[in-house]
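So the chains spell out like this:
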Amino acid sequence: MTNPWRSGLFFVSLCVVVGTLWFILLKPWMKDIQRYNENIQILRIEKQRLQGLVAQQPQFEDQLAKLDRLHRRSGYFFDTPSPEVSNQELIDRIETIIDSGNGKLVCVRSLSPTTEDNRLQVRVQLYGNESLLINLLHQLEGSLPVIIIDKLHIRSRPPGLLQKTGTAGNSLDIRFDVIGFLAWQMG
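Computed from a predicted model, the values in this text were never measured in an experiment.

Novice: What's the story with the confidence of the model for the chain in this structure? I'm lost.
Specialist: Low-pLDDT portions of the prediction should not be read for the details of their coordinates. Looking at the chain, pLDDT values average 79 and 83% of them are 70 or higher. Between the elements of the chain, mean pLDDT differs from a low of 54, seen in helix 5 (residues 159-165), to a high of 87, seen in strand 3 (residues 147-156).

Quick look at the structure:
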């Protein structure tokens, strides 16, 4: 017959071995399985959210088309076949305002139109007086399509220089950037 102490010792040894295996191998593996299950649940929720957004896509496209039509009719943006034509339209508008106010246009330089954000940018330098400046800013910013005056620099010109250049009535050196925006292209 076997000794009861031996079978008890065997049983305790077996429990120690199984417990050690549990803590060394199975417990970390179970934690990994639990973490994977949590990630799967999170991904399922995200999948449901994205499926809901995909189901709403036709509604979003309809709303974007309505906004596109609204903006095109509003006149807030330059709506021409190409950015170059819009840039030239902006330059012509600036030149007309300066000529009507008896200013002297020194330089108008078109900065490259950026189609990423539908922006047109023109750099202007002119000689004029206070009334020309007020009229110019009012006409540019107060009409459609909407444009923004940026980087406005105004310096007075020395009286001796005014007589030499024959621009006695234009006591200010005015420099600024004009920014306009192209109509958004759906596509």
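Novice: Please explain the environment of I98 as it appears in this structure.
Specialist: As for its placement among the helices and strands, I98 is situated in helix 3 (residues 83-100). For I98, a relative accessible area of 0% puts it in the buried group. With 35 residues separating them along the chain, I98 and L133 place their C-alpha atoms 8.9 Å apart. Sequence-distant contacts of I98, that is, excluding residues within four places in its chain, are made with G103, K104, L105, V124, L126, L132 and L136.

Novice: Please clarify how the packing of helix 3 against helix 4 (residues 130-141) should be interpreted in this entry.
Specialist: Axis angle and axis distance: for two packed helices, these are the angle between their axes and the distance between the axes, and together they describe the pair. Contact geometry of helix 3 with helix 4 gives a least axis separation of 10 Å together with a crossing angle of 145°. Our pair here, helix 3 against helix 4, has a crossing hand that is right-handed. Contact with helix 3, carried on its side by R93, I94, I97 and I98, involves L132, L136, Q139 and L140 of helix 4 and no other residues of that element. When its residues are assigned to classes, the contact of helix 3 with helix 4 shows six nonpolar, one polar and one charged.

Novice: Explain the pattern of salt bridges to me, please; I cannot follow it from the model alone.
Specialist: It is possible for side chains of opposite charge to pair when their charged atoms get near one another. Taken as a whole and assessed by the stated rule, the structure comprises six salt bridges. Put simply, R123 and D177 hold a salt bridge, and the shortest N to O gap is 2.7 Å. Pair noted here: R123 is in strand 2 (residues 119-128) and D177 is in strand 4 (residues 172-181), with a separation of 54 residues, a long-range link. Close ionic contact of K151 with D177 constitutes a salt bridge, the shortest N to O distance being 3.9 Å.

What counts and what doesn't
Here, residues in each chain are numbered from 1, in the same order as that chain's written sequence. Since the coordinates come from a predicted model, pLDDT governs what is reported: local features require at least 70, and pairs of side-chain atoms require 80 or more to be given and counted, while whole-chain, interface and lining totals use all residues. Processing note: side-chain calculations cover all non-hydrogen atoms of the structure and skip hydrogens and water entirely. Confidence per residue, as judged by the predictor, is encoded in pLDDT with a range of 0 to 100. Secondary structure elements are defined from DSSP: runs of H or I of at least 4 residues count as helices, runs of E of at least 2 residues count as strands, and each element is numbered from the N terminus. The classification of residues rests on relative accessible area computed with a 1.4 Å probe and restricted to protein chains. Under 20% of the type maximum is buried, over 50% is exposed, and intermediate values are partly exposed. Contacts are assigned to residue pairs with any non-hydrogen atoms lying within 4.5 Å of each other. In this analysis, axes come from line fits to C-alpha atoms, helices being fitted only over the stretch in contact, and the angle between any two N-to-C directions falls in the range 0 to 180 degrees. The crossing is said to be left-handed when, going from far helix to near helix, the turn is anticlockwise and less than a right angle, and right-handed when the turn is clockwise. Residues are grouped as follows: Ala, Val, Leu, Ile, Met, Phe, Trp, Tyr, Cys and Pro are nonpolar; Asp, Glu, Lys and Arg are charged; every other residue, Gly included, is polar. Take a side-chain nitrogen of Lys or Arg and a carboxyl oxygen of Asp or Glu: if they are within 4 Å of each other, that pair is a salt bridge.

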